[in-house]
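# Coordinates in review
So you can see what is in the structure, the chains are spelled out below.
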Amino acid sequence: MEKLINILLVDDSAIDRQYIKLAIHKAHVQCTIDDAESAEKAMDKLQNNTYDLIFLDYILPHTSGIEFLKAIGDTLDIPVIMVTSIGDDMVSSEAIKLGAYDYINKTLLIKEPLDRIITNTLEKHMLIHEKKKALEALKESEEKYRTIIHQIPDIIYKIDKAG
């Protein structure tokens, strides 16, 4: 049984929110979708709920999806897929640099393999987490053994058969 994915959909257009929800459901993604029509409402929802994924519109009232990505920065550890009906390679490049995992044109949502995009985004996020944990464990291990070696009063020699 698949885990139910909790998605926050941030888009100022009610029609676009319905369209994105339809595209997600047509992709047979097992999820619940909560929505917000502004960055402010999204921030409120993020403080009070737990989400696995954010679908973020590029153009929002009083701000942009790019500014929203800058605002959440590293404070929220939730993968973001940016969606827009306008935009270009510069916008998508900036969104990716700021932490968005993907960038999708709204007009292509129904045609995109959305289930695969969501799965890949969540798997990439999980792998990044596992890598961070492994690097932290390695660092701890290296510090532990470095401390042990520095505290040994004797010299340790390693001799092979050649002498």
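Just above, that's the structure.
Residues numbered from 1 in each chain as written. Predicted model: local features only at pLDDT ≥ 70, side-chain atom pairs only at ≥ 80, totals over all residues. Heavy atoms only, no water.

The next point concerns the sheet that holds strand β6 (residues 80-84). In space, the 5 strands of this open sheet follow the order β2-β1-β3-β6-β7, with parallel pairing throughout. The sheet terminates laterally at β2 (31-36) and β7 (100-105), the two strands that pair on one side only. The average angle at which neighbouring strand axes cross in this sheet is 20°, direction not considered. Two elements, strand β1 (residues 5-10) and β2, share 6 bridges in a ladder whose sense is parallel. For valine 10, the partnering residue across the bridge sits in β2 and is alanine 36. Lying over the sheet, helix α5 (residues 114-151) contacts β1, β3 (53-57), β6 and β7, oriented at roughly 165° with respect to β7. (Pairing = 2+ DSSP bridges. Helix = DSSP H or I, 4+ residues; strand = E, 2+ residues; numbered from the N terminus. Axes fitted to C-alpha atoms, helices over the stretch in contact; angles between N-to-C directions. Contact = heavy atoms within 4.5 Å.)

Our focus in this paragraph is helix α1 (residues 14-26). The end-to-end C-alpha distance of α1, which contains 13 residues, comes to 18 Å, matching closely the 18 Å that a straight helix rising 1.5 Å per residue would cover. Of the positions making up α1, those classed as buried are Arg17, Ile20, Lys21, Ala23 and Ile24. Summarising the axial view, the buried residues of α1 lie within an arc of 160°, below the 170-degree limit, and thus occupy one face. In α1, the exposed positions angled more than 90 degrees off the buried face are occupied by Ile15 and Lys26. Residues of α1 that are buried make contact with β1, β2, β3, β6 and α5. In the segment just after α1, histidine 28 is the residue with positive phi, at about 60°. (Expected span 1.5 Å × (residues − 1). Buried < 20%, exposed > 50% of the residue type's maximum accessible area, 1.4 Å probe, protein only. Arc of directions from axis to C-beta.)

With that settled, the discussion passes to a nonpolar patch on the surface. There is a patch of nonpolar side chains on the surface, built from Tyr145, Ile148, Ile149 and Ile152 and spanning about 360 Å² of accessible area. One can find isoleucine 152 in the segment after α5. (Patch = residues over 30% accessible without salt bridge, like charges linked within 9 Å, V, L, I, M, F, W, Y side chains within 5 Å. Areas by Shrake-Rupley, 256 points an atom, 1.4 Å probe, with all protein chains shown as cover. Salt bridge = Lys/Arg side-chain N within 4 Å of Asp/Glu carboxyl O.)

As a further point, take the nonpolar core. Core analysis: the biggest nonpolar cluster contains 21 residues, and Leu8, Ile54, Leu56 and Leu69 have the highest contact counts within it. In terms of residues, this core owes the most to one element, helix α3 (residues 65-72), which gives 4 residues. Apart from the residues lying within four places of it in its own chain, the contact partners of leucine 56 are Val10, Gly65, Phe68, Leu69, Val80, Ile81, Met82 and Val83. (Core = buried A, V, L, I, M, F, W, Y, C linked by side-chain atoms within 4.5 Å.)

With that settled, the discussion passes to α5. Taking 1.5 Å per residue as the helical rise, α5 with its 38 residues ought to reach 56 Å, and the 56 Å between its terminal C-alpha atoms agrees with that figure. Looking only at α5, the buried set comprises Leu114, Ile117, Ile118, Thr121 and His125. Those residues of α5 that are buried lie in contact with β1, α1, β3, β6 and β7.

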